[in-house]
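The residues making up each chain are set out below.
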Amino acid sequence: MAKQETGAGGVAAIAEADAPVFETLVQMTLDTFERSGLDEETYLLARIAALVAMDASAPSYLLNIGTAAEVGVPLEKIQGTLVAIAPVVGSARIVSAARAIGDAFGLELPGDEEQ
């Protein structure tokens with residue numbers, strides 16, 4: 001049986017991607033676009049909507065919105081997706097997503113100057 005790390009050492013291994021957790025995440029992501037049967041734009045908008053629903057962190061938005069921008073998804077479609085899901089996920093999730101997106105891209109949002 002392999003030696004198991006516990007405590008801070010185990011957490012550090014996960015943070016450094018030196019663990020089966022990271023490999024599992026990579027394997028889960030491979031080929032999901034192809035298997036989804038969606039076009040690239042719809043696939044990325046669905047992922048962004050899921051990030052909002054999960055109250056994702058800034059790096060998740062950076063990766064997915066950055067990819068969407070690279071493939072030509074218009075900003076208006078991303079904004080439209082946020083409007084479309086707002087009644088389902090609620091205003092708190094949308095505001096949280098806006099803050100995380102702003103943080104991810106280094107944008108100054110209204111109210112930042114007061115903090």
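The coordinates are above.
Residues numbered from 1 in each chain as written. Predicted model: local features only at pLDDT ≥ 70, side-chain atom pairs only at ≥ 80, totals over all residues. Heavy atoms only, no water.

Moving on, we get to the packing of helix α6 (residues 75-89) against helix α7 (residues 91-104). At their nearest, the axes of α6 and α7 sit 7 Å apart, and the two run at 135° to each other. By the angle between their directions, the pair α6 and α7 is classed as oblique. Seen from α6, the contacting residues are Leu82, Ile85, Ala86 and Val89; seen from α7, they are Ser91, Arg93 and Ile94. Tallied by class, residues from the contact of α6 with α7 come to 5 nonpolar, 1 polar and 1 charged. (Axes fitted to C-alpha atoms, helices over the stretch in contact; angles between N-to-C directions. Helix = DSSP H or I, 4+ residues; strand = E, 2+ residues; numbered from the N terminus. Parallel < 35°, antiparallel > 145°, perpendicular 65-115°, else oblique. Contact = heavy atoms within 4.5 Å. Nonpolar A, V, L, I, M, F, W, Y, C, P; charged D, E, K, R; others polar.)

Val52, Tyr61, Ile65, Ala68, Val73 and Ile78 are the most contacted members of the largest nonpolar core, which has 19 residues in total. Apart from the residues within four sequence positions on either side, Ile78 is in contact with Leu45, Ile48, Ile65, Ala68 and Val73. (Core = buried A, V, L, I, M, F, W, Y, C linked by side-chain atoms within 4.5 Å. Buried < 20%, exposed > 50% of the residue type's maximum accessible area, 1.4 Å probe, protein only.)

Its 13 residues place the ends of helix α5 (residues 58-70) 18 Å apart at the C-alpha level, agreeing with the 18 Å of an ideal helix rising 1.5 Å per residue. Of the residues making up α5, those classed as buried are Ala58, Tyr61, Asn64, Ile65, Gly66 and Ala68. Where α5 is buried, its residues contact α4 (40-53), α6 and α7. Just downstream of α5 lies Gly72, where phi reads positive at about 95°. (Expected span 1.5 Å × (residues − 1).)

A word on α6. Given 3.6 residues per helical turn, the α-helix brings residues three or four places apart onto the same face. Compared with an ideal rise of 1.5 Å per residue, which puts 15 residues at 21 Å, α6 spans 20 Å between its outermost C-alpha atoms and is within 8% of the ideal. Within the sequence span of α6, burial applies to Ile78, Thr81, Leu82 and Ile85. In this fold, the buried residues of α6 make contact with α4, α5 and α7.

We now examine a nonpolar patch on the surface. A cluster of nonpolar side chains, contributed by Val21, Leu25 and Met28, occupies part of the molecular surface with about 290 Å² of accessible area. Here Met28 lies in helix α2 (residues 20-29). By relative accessible area, which is 53% here, Met28 ends up exposed. (Patch = residues over 30% accessible without salt bridge, like charges linked within 9 Å, V, L, I, M, F, W, Y side chains within 5 Å. Areas by Shrake-Rupley, 256 points an atom, 1.4 Å probe, with all protein chains shown as cover. Salt bridge = Lys/Arg side-chain N within 4 Å of Asp/Glu carboxyl O.)

In the contact formed by α5 and α7, the axes pass within 8 Å of each other and the chain directions differ by 70°. One way to sum up the angle between α5 and α7 is to call them roughly perpendicular. Note on element contacts: α7 touches α5 through Ala97, Ala100, Ile101, Asp103 and Ala104, opposite Ala58, Tyr61, Leu62 and Ile65. Considered class by class, the residues forming the contact of α5 with α7 number 8 nonpolar, no polar and 1 charged.

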